[in-house]
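Observations on the model geometry
Residue strings, one per chain:
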Amino acid sequence: MTAVIPHLRAFARGLCGRPDLADDLVQETLLKAWAAQDRFEPGTSMRAWTFVILRNAYLTDMRRNRFRGEYDEGVAERTLTAPAGQEGPLHLADMHRALLTLPHERREALLLVGAGGFSYEEAAEICGCAVGTIKSRVGRARAALSRMIENGEMPRRGKGGEDAAHRAIMKDLDHVAHGGTLD
């Protein structure tokens, strides 16, 4: 189970967008997995099993908190405005902010297939939907991100400069996607 922790952490950070919430989600996932270890079927993928638990915990939290909105004027302003030009390089934090603008289902599918390295079939099993649905979500997410980059519609960074936490999240996702582990 400890071998999947870095993958869970990367997936949770991609879903939540906040390291503190992601760490809480991973901890909750591990507790639930430990409590339900007798239901794990030997010979199946521990990673896929724990991703399902994490995803379900995340969706439960989303449903529970959907009526409690946090409004951050700075974030809203950056989301609703586009930069004047795209001469500068695309930073990992820029991509992370762009990912957070995608609908949850598309972001989740893209993280599983793109950053998590899961096959479409494994991602479909984790999400509890058809393989074609996952392929569609990934395709639409990639197209939306491409449009944002091509049209210069990336969410803007705040005046305070690059947010180190977002850079770290995307660096972790990139590292895990290429077979590395997070220590």
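Residues numbered from 1 in each chain as written. Predicted model: local features only at pLDDT ≥ 70, side-chain atom pairs only at ≥ 80, totals over all residues. Heavy atoms only, no water.

The next point concerns the packing of aromatic side chains. For any pair of aromatic rings, the description rests on two quantities: the centre-to-centre distance and the angle between the ring planes. Going through the model one piece at a time under the given rule, you end up with three aromatic pairs. Ring geometry for Phe11 and Phe51: centres 4.8 Å apart, planes at 10°, overall stacked. Taken together, the residues span a long stretch of sequence, with Phe11 in helix H1 (residues 5–16) and Phe51 in helix H3 (residues 46–65) at a distance of 40 residues. The same class applies to Phe11 and to Phe51, which are both buried. Through pairs of rings, three or more aromatic residues link up here, namely Phe11, Phe51 and Phe118. For the cation-ring pair, Arg47 lies above Phe118, with the distance from its terminal atom to the ring centre recorded as 3.9 Å. (Phe/Tyr/Trp six-rings, centres within 6.5 Å; stacked < 30°, edge-to-face > 60°. Helix = DSSP H or I, 4+ residues; strand = E, 2+ residues; numbered from the N terminus. Buried < 20%, exposed > 50% of the residue type's maximum accessible area, 1.4 Å probe, protein only. Lys NZ or Arg CZ within 6 Å of the ring centre and 35° of its normal.)

Next up on the list: the confidence of the model for the chain. Any residue range with low pLDDT should be treated as having predicted coordinates unsuitable for detailed reading. Looking at the chain as a whole, the pLDDT averages 76, with 69% of positions reaching at least 70. Confidence, read as mean pLDDT per element, is least for helix H9 (residues 164–177) in the chain (52) and greatest for helix H2 (residues 19–35) (91). A low-confidence stretch, residues 84–88 (pLDDT under 50), is modelled with three contacts involving residues beyond four sequence positions or located in other chains. Residue range residues 179–183 is modelled with pLDDT below 50. Its contacts to residues more than four positions away, or to other chains, number 10 contacts. (pLDDT = per-residue confidence, 0-100. Contact = heavy atoms within 4.5 Å.)

For helix H8 (residues 131–150), with 20 residues, the first-to-last C-alpha span of 28 Å sits near the 28 Å given by 1.5 Å per residue. Within H8, burial applies to Ile134, Val138, Ala141, Ala144, Leu145 and Met148. Around the axis of H8, the buried residues are gathered within 130° of arc, so they sit on the same side. Positive backbone phi, approximately 65°, marks Gly152, located one or two places after H8. (Expected span 1.5 Å × (residues − 1). Arc of directions from axis to C-beta.)

Looking now at the nonpolar core. Leu54, Leu102, Leu112, Ile134 and Leu145 are the most contacted members of the largest nonpolar core, which has 36 residues in total. At the level of secondary structure, the elements contributing two or more residues to this core comprise H1, H2, H3, helix H5 (92–101), helix H6 (104–115), helix H7 (120–127) and H8. When neighbours within four sequence positions are excluded, Leu54 is seen to be in contact with Leu8, Phe11, Ala12, Leu15, Leu25, Val26 and Thr29. Counting residues in each nonpolar core, the second largest holds five residues, with Ala36, Phe40, Trp49 and Ile53 among its members. (Core = buried A, V, L, I, M, F, W, Y, C linked by side-chain atoms within 4.5 Å.)

So, on to H2. The first and last C-alpha atoms of H2 sit 24 Å apart over 17 residues, in line with the 24 Å expected at 1.5 Å per residue. For H2, the complete set of buried residues consists of Ala22, Leu25, Val26, Thr29 and Ala33. For H2, the buried positions fall inside an angular range of 100° around the axis, keeping them on one side. Away from its buried face, by an angle of more than 90 degrees, H2 presents the exposed residues Leu31, Trp34 and Ala35. Buried residues along H2 sit against H1 and H3.

Glancing now at the packing of H7 against H8. Geometrically, a packed helix pair is captured by the angle between its two axes and the distance between the axes. Direction vectors running N to C along H7 and H8 enclose 105°, while the axes themselves pass 8 Å from each other. In this view, H7 runs roughly perpendicular relative to H8, as classed from their interaxial angle. Between H7 and H8, the residues in contact are Tyr120, Glu121, Ala123, Ala124 and Cys127 and Val131, Ile134, Lys135, Val138 and Arg142, respectively. (Axes fitted to C-alpha atoms, helices over the stretch in contact; angles between N-to-C directions. Parallel < 35°, antiparallel > 145°, perpendicular 65-115°, else oblique.)

A few words on the state of the cysteines. With the rule as written, the count across this model stands at zero disulfides. The thiol sulfur of Cys127 is not disulfide-bonded, and the nearest other cysteine sulfur, from Cys129, lies at 5.1 Å. (Disulfide = S-S within 2.5 Å.)

Right, let's talk about the pattern of salt bridges for a bit. Per the stated rule, a full pass over the model turns up four salt bridges. Between Glu28 and Lys32 there is a salt bridge, with its nearest N and O atoms 3.1 Å apart. You can see Glu28 and its partner Lys32 sitting in helix H2, four residues apart, about one turn around the helix. According to the relative accessible area criterion, Glu28 is partly exposed, its value standing at 25%. (Salt bridge = Lys/Arg side-chain N within 4 Å of Asp/Glu carboxyl O.)

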